[in-house]
Amino acid sequence: IICENTMKTKILQESSLEDISLAGEILRSGGLVAIPTETVYGLAADALNEKAVCSIYAAKGRPSDNPLIVHIASFHELEPLVSEIPDEALRLANAFWPGPLTVILKKSSMISNTVSGGLDTVAVRFPANTTACAVIKATGRPLAAPSANTSGKPSPTTFAHVEADLFGKIDAIIKGKDCPVGVESTVLSLVGVPKLLRPGGITLHQLEEVIGTVEVDRAV
């Protein structure tokens, strides 16, 4: 028996203020919207809506112990999501935000275990892509947004990639320009000694120029 997807996926235009507003409405109501960023396309949901976050895992076929990155559109939106902001985070934000850098900090009670993959930390990024930021602002909430692909497939850098993979599985896709960085964000833990967990758009050398020595995780 072949079961076809029955969800009607809307195609939204990044140049349309009306469509950006609609994306915000969909996300506030618990839907999923694929959005362009400067790194790769992200599959966004309201990070504070437990049911919506669970929908990300279901749509991607993603293991539930794999934490999600929370996206914000202003540095001031970081404080409620974390229990403390160390000096290194301030210096890195001044140097690289908005941009392709994700920092891991101790989470606040606002962040569920579903978002954090059961950890006591949260990964946060302030993207440079103007469409992504516009959608976050239109939603009025931080957005959990891993790459917009079925788990195991390459991270999508074009609208066509996302449409081919997730059409019929999510509520909407924003048709934007190709992602210029083309690789996922650098992930740096600031819990304890600074440690690079994933290389990306910001290099180890760039990080060390700002905060000094950074350990590199053995997995890297």
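Keep in mind that what you see is a predicted model, and the values were worked out from it rather than measured.

Side note on the overall build of the protein chain
Alright, step 1. Regarding its fold elements, the protein chain presents seven helices and 11 strands.
Alright, step 2. In summary, the protein chain has a C-alpha radius of gyration of 17 Å against a globular reference of 17 Å for 220 residues, a match within 12%.
Alright, step 3. C-alpha atoms of the protein chain, sized along the principal axes, occupy 55 × 35 × 30 Å.
Alright, step 4. In the protein chain, once contacts between residues fewer than 6 apart in sequence are set aside, the share between residues at least 24 apart is 63%.
Alright, step 5. Accessible surface for the protein chain amounts to roughly 10300 Å². Of this, 52% is attributable to carbon and sulfur atoms.
Alright, step 6. Of the charged side chains in the protein chain, 19 are positive and 24 negative, and the gap between their average positions amounts to 4 Å.

A word on the pattern of salt bridges
Opposite charge on two side chains permits pairing when their charged atoms draw close.
Alright, step 1. Enumeration according to the criterion identifies seven salt bridges in this entry.
Alright, step 2. The partner of arginine 141 in a salt bridge is aspartate 46, with the nearest N and O atoms 2.9 Å apart. Of this pair, arginine 141 sits in the loop between α5 (130–139) and β7 (143–144) while aspartate 46 sits in strand β3 (residues 42–46), placing them 95 residues apart in sequence.
Alright, step 3. Using a relative accessible area of 2% as the deciding quantity, one classes aspartate 46 as buried.
Alright, step 4. Here aspartate 87 and arginine 91 are joined by a salt bridge, their closest N and O atoms 2.8 Å apart. Within this pair, aspartate 87 and its partner arginine 91 are both found in helix α3 (residues 87–96), separated by four residues, close to a single helical turn.

Points about the packing of aromatic side chains
Alright, step 1. Across all of its chains, the model carries two aromatic pairs by this definition.
Alright, step 2. A network of ring pairs unites the aromatic residues Phe75, Trp97 and Phe126 as a single cluster.

Some words on helix α1 (residues 17–28)
Because the α-helix completes a turn every 3.6 residues, residues three or four places apart line up on one side.
Alright, step 1. Here α1 contains 12 residues, and its C-alpha end-to-end distance of 17 Å stays within 8% of the 16 Å for a straight helix at 1.5 Å per residue.
Alright, step 2. Along α1, the residues classified as buried are Asp19, Ile20, Ala23, Gly24, Ile26 and Leu27. Angular distribution of buried residues about the axis of α1 spans 160 degrees; they occupy a single face of the element. Those residues of α1 that are exposed and angled more than 90 degrees off the buried face are Leu17 and Glu18.
Alright, step 3. Next to the buried residues of α1 lie β1 (10–13), β2 (33–35), β3, α5, β7 and β8 (172–175).
Alright, step 4. At the C-terminal side of α1, glycine 30 shows a positive phi close to 95 degrees.

Quick notes on the nonpolar core
Alright, step 1. Judged by nonpolar contacts, the single largest core of 62 residues is most densely connected at Leu92, Trp97, Leu101 and Leu207.
Alright, step 2. The contacts of leucine 207, once residues within four sequence positions are left out, are Leu92, Phe96, Leu101, Thr186, Leu188, Leu196, Ile202, Gly212 and Val214.

The rules behind each value
- Residues numbered from 1 in each chain as written.
- Predicted model: local features only at pLDDT ≥ 70, side-chain atom pairs only at ≥ 80, totals over all residues.
- Heavy atoms only, no water.
- Helix = DSSP H or I, 4+ residues; strand = E, 2+ residues; numbered from the N terminus.
- Rg over C-alpha atoms; globule rule 2.2 N^0.38 Å.
- Contact = heavy atoms within 4.5 Å.
- Areas by Shrake-Rupley, 256 points an atom, 1.4 Å probe, with all protein chains shown as cover.
- Lys, Arg positive; Asp, Glu negative; His and termini not counted.
- Charge placed at Lys NZ, Arg CZ, Asp CG, Glu CD.
- Salt bridge = Lys/Arg side-chain N within 4 Å of Asp/Glu carboxyl O.
- Buried < 20%, exposed > 50% of the residue type's maximum accessible area, 1.4 Å probe, protein only.
- Phe/Tyr/Trp six-rings, centres within 6.5 Å; stacked < 30°, edge-to-face > 60°.
- Expected span 1.5 Å × (residues − 1).
- Arc of directions from axis to C-beta.
- Core = buried A, V, L, I, M, F, W, Y, C linked by side-chain atoms within 4.5 Å.

Honestly, that's just the spatial picture; any functional story needs more than this.
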